[in-house]
Amino acid sequence: MTDLAASTLPFLDTLASARSGFLTTVFNILTYLGDEKLFVVIALIVLWCFSKRGGLYMLTVGFSASSVGQTLKMLFRIPRPWNLKDGAFGEADPVAKDGWSGDSGLGKILSKLGDGADGWSFPSGHTIISVGTYGGMAAWFRNKWVKILGILLAALIPFTRLYLGVHTVVDIIGGALLSLILVLALRPVFASDGCGKIRAALAGNIILTAAMLGVAYLTRPESLAGEDIRNYASGIKNLWQLLGATLAVWLAFEFDENWLHYPTKAVWWAQLLKIAGGCVIVLGLQMGIQKALGYDSHSLNLSNMTRMGGVACLANFVALTGGIVLWPATFGWFSRLGYKGRHAAQ
């Protein structure tokens, strides 16, 4: 697989030779639309404000594809393009490779979304997220413009990874196929009548993530050195995080179906309040638990990866439980905001 990835480097050289300053800046911004943090925000907005099943569908596609993708990274351990063939490709864009820096407002915002292109290369995580998120939106919603925008972003964001030289064609195809399969396979499940198939899909996602975590532990290489130590420890931590997230999504579905039955509709400014409040709750709970329990992603190593992973799992579970199980209990009140004023005016 490494040789196959290396065989596509001439195509990356061709793209690198055709770069322009304007397109490179635009693509460096656009590529962050495939970040995992932004995917969660978009899926939560859909869940809170537009379609509960649509939001659950997007979260399930994203989390399941990410767990499989992370495990594939750890199994194949394919280096980034600049480390293939003894560094024969040296034209990766430095911003895409190392992340945004500087004191500009844009640089500060984008630096919070990611640290650049780190970890093993195959399959592309940005491709997994972008095809799952925007392809999922295109598959779920009937609005023509949502479909067009979703398909456009699902195709364009993976191309930015090639243009910027941080992934090979093999990485992009692998990530795109993985997410596309799940987008198409899970769409009818979440659109079906009744709850049985959805319940099975959510439970299956938990089992899948736990299985991927087990595979990652069982296939740990006998010797790891240098950057590979952090890559492997980070992969274990990511799978623990995903396990916590999948448990919270299952709990949210069961809680709403059996007790809550929250509404998603509200006037536009009430929707904005829901989004802002929900994001603060999720982020606050996650950061608070991580800080309280001594979580530090920069100190990950083979000896502490399980403990850090456990903390990340708990933080994700509690944060998402707060955001998609407890926070929606207020949505009945939000749905009445504005309408009271209208009735009084009449």
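This structure is a prediction, so every number in the text was calculated from the model and none was measured.

1. Some points on the overall build of the protein
The number of helices and strands found in the protein is 16 helices and zero strands. Counting every position in the protein, which comprises 346 residues, the buried fraction comes to 52%. Carbon and sulfur atoms make up 66% of the accessible area of the protein, which amounts to about 16,000 Å² in all.

2. Regarding the side chain of Asn231
Tracing the backbone through its elements, the reader meets Asn231 in helix H12 (residues 227–260). Using a relative accessible area of 9% as the deciding quantity, one classes Asn231 as buried. Setting aside its immediate chain neighbours within four residues, Asn231 contacts Gly119 and Trp120.

3. Considering the confidence of the model for the protein
When pLDDT is averaged along the protein, the result is 89; 88% of the residues meet or exceed 70. Confidence drops under a pLDDT of 50 for residues 105–113, and excluding neighbours within four residues, the segment shows 13 contacts in the predicted structure. Scored below 50 in pLDDT, residues 341–346 shows one contact in the model against residues more than four places distant or in partner chains.

4. Focus: the packing of helix H5 (residues 52–76) against helix H10 (residues 169–190)
Relative orientation of the contacting elements H5 and H10 amounts to 145 degrees, with a least axis distance of 10 Å. As for the relative orientation of H5 and H10, their crossing is right-handed in sense. Mapping the contact onto sequence places Arg53, Leu56, Tyr57, Thr60, Val61, Ser64, Ala65, Val68 and Gly69 in H5 and Leu178, Ser179, Leu182, Val183, Leu186, Arg187 and Phe190 in H10.

5. Regarding the pattern of salt bridges
Across all of its chains, the model carries two salt bridges by this definition. In this structure, the salt-bridge partner of Arg199 is Glu254, at a minimum N-O distance of 2.5 Å. With Arg199 in helix H11 (residues 196–218) and Glu254 in helix H12, the pair connects residues that are 55 residues apart, well separated along the chain. The exposure class assigned to Arg199 is partly exposed, which follows from its relative accessible area of 31%.

6. Quick notes on the environment of Ser299
With respect to the secondary-structure elements, Ser299 resides in the loop between helix H13 (268–292) and helix H14 (305–326). On a C-alpha basis, the gap between Ser299 and Ala233 in space is 9.9 Å, while along the polypeptide they are 66 residues apart. A polar contact of 3.0 Å, which involves the side chain of Ser299, links it to the backbone oxygen of Asp296.

7. As for the environment of Arg230
Note that Arg230 resides in helix H12. Each C-alpha atom, one on Arg230 and one on Asp118, is 9.9 Å from the other, the two residues being 112 residues apart in sequence. When neighbours within four sequence positions are excluded, Arg230 is seen to be in contact with Ser297, His298 and Leu300.

8. Side note on the nonpolar core
The biggest cluster of nonpolar side chains holds 78 residues, and the ones touching the most others in it are Leu44, Tyr57, Phe63, Phe190 and Ile324. A total of eleven residues in this core trace back to one element, the largest contributor, which is H12. Residue contacts for Phe190: discarding those within four places in its chain leaves Arg53, Leu56, Tyr57, Thr60, Trp140, Ile198, Ala201 and Leu202. Grouped together as the second largest cluster of nonpolar side chains are eleven residues, Ala6, Ile78, Leu162 and Ile172 included.

9. Remarks on a nonpolar patch on the surface
A contiguous nonpolar surface patch, about 350 Å² in accessible area, is contributed by Met1, Leu4, Leu75 and Phe76. Mapped onto the elements, Leu75 comes out in helix H5.

10. Brief notes about the state of the cysteines
Scanning all chains against the criterion turns up zero disulfides. Lacking any disulfide linkage, Cys49 is separated from the closest cysteine sulfur, that of Cys279, by 9.4 Å. The class of Cys49 is buried, set by a relative accessible area of 5%. According to the relative accessible area criterion, Cys279 is partly exposed, its value standing at 26%.

11. Here we look at unusual backbone geometry
Residue Pro123 is reached from Phe122 by a cis peptide bond, and omega for that bond is -10 degrees. Locating Pro123 in the fold gives a position in the loop between helix H7 (105–113) and helix H8 (125–140). For Arg77, which is not glycine, the phi dihedral falls at a positive 50 degrees. Relative to the helices and strands, Arg77 resides in the loop between H5 and helix H6 (94–98). Although it is not a glycine, His261 adopts a positive phi angle of roughly 55 degrees. Within the secondary structure, His261 sits in the loop between H12 and H13.

What counts, and at which threshold
- Residues numbered from 1 in each chain as written.
- Predicted model: local features only at pLDDT ≥ 70, side-chain atom pairs only at ≥ 80, totals over all residues.
- Heavy atoms only, no water.
- Helix = DSSP H or I, 4+ residues; strand = E, 2+ residues; numbered from the N terminus.
- Buried < 20%, exposed > 50% of the residue type's maximum accessible area, 1.4 Å probe, protein only.
- Areas by Shrake-Rupley, 256 points an atom, 1.4 Å probe, with all protein chains shown as cover.
- Contact = heavy atoms within 4.5 Å.
- pLDDT = per-residue confidence, 0-100.
- Axes fitted to C-alpha atoms, helices over the stretch in contact; angles between N-to-C directions.
- Left-handed = near helix turned anticlockwise from the far one by under 90°.
- Salt bridge = Lys/Arg side-chain N within 4 Å of Asp/Glu carboxyl O.
- Polar contact = N/O pair within 3.5 Å; in protein donor to acceptor, adjacent residues only side chain to side chain.
- Core = buried A, V, L, I, M, F, W, Y, C linked by side-chain atoms within 4.5 Å.
- Patch = residues over 30% accessible without salt bridge, like charges linked within 9 Å, V, L, I, M, F, W, Y side chains within 5 Å.
- Disulfide = S-S within 2.5 Å.

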